[in-house]
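# Structural description and commentary
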Amino acid sequence: QVQLVESGGGLVQAGGSLRLSCAASGSGFNIKSMRWHRQAPGKQRELVAAVTSGAEITYADSVRGRFTVSRDNTKNTMYLQMNSLKPEDTAVYYCGATFHYIGEYWGQGTQVTVSS
């Protein structure tokens with residue numbers, strides 16, 4: 001069984017940085033793509049960043065230039081380096097992954113709170 005576990009969330013002041021991690025555990029899987037979404041209170045979940053197995057990267061306009069997504073395929077882990085954080089970045093951040101043959105999985109989410 002595949003699991004995605006996020007870590008690295010927390011409370012930070014505006015202008016600060018956080019690094020999120022998402023580790024895929026289990027066996028016999030092959031990851032196609034991984035992505036970060038976020039959901040703020042009262043808002044719809046939105047895509048933050050995505051990276052494919054071919055290292056193609058997509059960012060939301062709201063985070064481009066501040067956030068950097070990366071993958072370590074040897075560790076089945078994806079990272080999100082978040083710099084110059086703003087209060088509007090406050091949300092629960094979810095890791096998602098699409099696997100060959102077994103479909104899409106999501107993590108439980110990690111809270112990021114940016115104080116002004």
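See the structure printed just above.
In this text the structure is predicted, and so the values were computed from the model without any measurement. (Residues numbered from 1 in each chain as written. Predicted model: local features only at pLDDT ≥ 70, side-chain atom pairs only at ≥ 80, totals over all residues. Heavy atoms only, no water.)

### Some thoughts on the overall build of the chain
To be explicit about the condition: Runs of E in the DSSP output that reach at least two residues are strands. Runs of H or I that reach at least four are helices, and both are numbered from the N terminus. Between the two quantities, the radius of gyration covers C-alpha atoms and the globule rule is 2.2 Å times the number of residues to the power 0.38. Burial classes: relative accessible area under 20% of the type maximum marks a residue as buried, over 50% as exposed, and values in between as partly exposed (1.4 Å probe, protein chains only).
In terms of regular secondary structure, the chain is built from zero helices and 11 strands. Listing each helix as α and each strand as β along the chain from the N terminus yields β-β-β-β-β-β-β-β-β-β-β. Here the C-alpha radius of gyration of the chain, 14 Å, is about what a compact globule of 116 residues would show, namely 13 Å. By principal-axis analysis of the C-alpha atoms, the chain measures approximately 45 × 25 × 25 Å. The buried share of the chain, taken over its 116 residues, is 41%.

### Notes on the side chain of Thr110
Inclusion rule: For this analysis, a polar contact is any N or O atom pair within 3.5 Å, provided that within protein one partner can donate a hydrogen and the other can accept it, and provided that sequence-adjacent residues contribute only side-chain to side-chain pairs. Contacts were defined at the residue level, with two residues in contact if any of their heavy atoms lie within 4.5 Å.
Among the secondary structure elements, Thr110 is positioned in strand β11 (residues 110-115). Within the structure, the side chain of Thr110 is placed 3.3 Å from the backbone nitrogen of Gly9, a separation counted as a polar contact. Among all residues touching Thr110, those that are not within four sequence positions of it are Glu6, Gly8, Gly9, Leu20, Ala91, Val92 and Tyr93.

### Comments concerning the nonpolar core
What counts, and what does not: Here, nonpolar core means buried Ala, Val, Leu, Ile, Met, Phe, Trp, Tyr and Cys residues that are tied together by side-chain atoms lying within 4.5 Å of each other.
Trp36, Leu80, Met82 and Tyr93 are the most contacted members of the largest nonpolar core, which totals 31 residues. At the level of elements, β3 (18-25), β4 (31-39), β5 (46-52), β7 (67-72), β8 (77-82), β9 (91-99) and β11 are the ones that each hand at least two residues to this core.

### Observations regarding the pattern of salt bridges
The condition that has to hold: Salt bridges, as used here, are contacts in which a Lys or Arg side-chain nitrogen is within 4 Å of a carboxyl oxygen on Asp or Glu.
Inspection of the entire model under this criterion finds five salt bridges. With its nearest N and O atoms 2.9 Å apart, the salt bridge here joins Asp89 to Arg38. Of this pair, Asp89 sits in the loop between β8 and β9 while Arg38 sits in strand β4; the two residues are 51 residues apart in sequence, bridging distant segments of the chain. Look at Asp89 and you get buried, because its relative accessible area is 0%.

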